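# Fold and geometry: a report
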Amino acid sequence: SGPSFAAIVDVAPLSARCSALTDPITSAADRVTFLSGTASVAQVMALIARHGGVNVGRMDVTLILEGRRSSLRIVDIQPQVLPPKRPPTAALLQYESAGSVPVIPVTANLNQPFPVLETKSGPYFNTEEVDLVHGERETFRISFRATTGYYEFNLLVTYVTGGKQYQQTIPGPTDGVFRLAGAAADSHDYGTVYAGVNGNQFEVASRSQSRAIFSKSSGCI
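Values in this document were obtained by computation on a predicted structure and should not be read as measured data.

Quick look at the side chain of Asn55 now. You can see Asn55 is positioned in strand 3 (residues 54-56). With a relative accessible area of 12%, Asn55 lands in the buried category. In terms of polar contacts, Asn55 uses its side chain to reach the side chain of Ser15, at 3.3 Å. The contact partners of Asn55, leaving out residues within four places of it in the chain, are Ala12, Ser15, Ala16, Cys18, Ser19, Arg179, Leu180 and Ala181.

Have a look at this one:
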């Protein structure tokens, strides 16, 4: 009884250089937290989350699967893209530093019509399968990419156990979905553009900062 495997999902907080906000920062208290540099990094990140912060361009996810059957075989993991809600365009934030990014052996390009997990040599599950016995764990480090558009998705795992094929959905960490946006083409597509001063402070981007953020040499990727 119960699910055939357990899943642990961890999204790296600084895997993208930019985030987009669904809701603007308007209250005096929130503006002090965001702009003054007096709040902690944790408080600023919590504010970004409250305003619907979405990674732009890239999202790195660690996915740990743990078997709950005597044996099972994972034969596919695919992003299952859902009908999106309102795209996040209230503000764009570029972080002062992207932080450290782990090695990512598997990627998924959401701009493709049918995104799959890929390595440099091609789709991962075209040549690989993952066998799990009870209590055994397998870890995937997945880098989801999007250069345009806005995506909400979960992960659909196809597996075989007891000679039959099944599917199980892995929900994302925000309202049950993963969320990723591509960068808009122009700064005017966002209500406000902010540049990071340091880990706990942002400022309204100047014209030159905005040009750098939206240039192909810099940007959010």
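Before going further, it helps to spend a moment on the nonpolar core. Residues Leu65, Ile74, Ile77, Phe140, Phe144 and Phe153 are the most contacted members of the largest nonpolar core, which totals 28 residues. Looking at which element gives the most residues to this core, the answer is strand 12 (residues 150-161), with 5 residues. Grouped together as the second largest cluster of nonpolar side chains are 12 residues, Leu21, Leu47, Ala91 and Tyr95 included.

All right, on to the packing of helix 1 (residues 28-35) against helix 2 (residues 41-50) then. Direction vectors running N to C along helix 1 and helix 2 enclose 130°, while the axes themselves pass 9 Å from each other. In this view, helix 1 runs oblique relative to helix 2, as classed from their interaxial angle. Crossing handedness for the pair helix 1 and helix 2: left-handed. Residues Asp30, Thr33 and Phe34 of helix 1 touch helix 2, and the partners they reach there are Gln43, Val44, Leu47, Ile48 and Arg50. When its residues are assigned to classes, the contact of helix 1 with helix 2 shows 4 nonpolar, 2 polar and 2 charged.

What counts and how
Residues numbered from 1 in each chain as written. Predicted model: local features only at pLDDT ≥ 70, side-chain atom pairs only at ≥ 80, totals over all residues. Heavy atoms only, no water. Helix = DSSP H or I, 4+ residues; strand = E, 2+ residues; numbered from the N terminus. Buried < 20%, exposed > 50% of the residue type's maximum accessible area, 1.4 Å probe, protein only. Polar contact = N/O pair within 3.5 Å; in protein donor to acceptor, adjacent residues only side chain to side chain. Contact = heavy atoms within 4.5 Å. Core = buried A, V, L, I, M, F, W, Y, C linked by side-chain atoms within 4.5 Å. Axes fitted to C-alpha atoms, helices over the stretch in contact; angles between N-to-C directions. Parallel < 35°, antiparallel > 145°, perpendicular 65-115°, else oblique. Left-handed = near helix turned anticlockwise from the far one by under 90°. Nonpolar A, V, L, I, M, F, W, Y, C, P; charged D, E, K, R; others polar.

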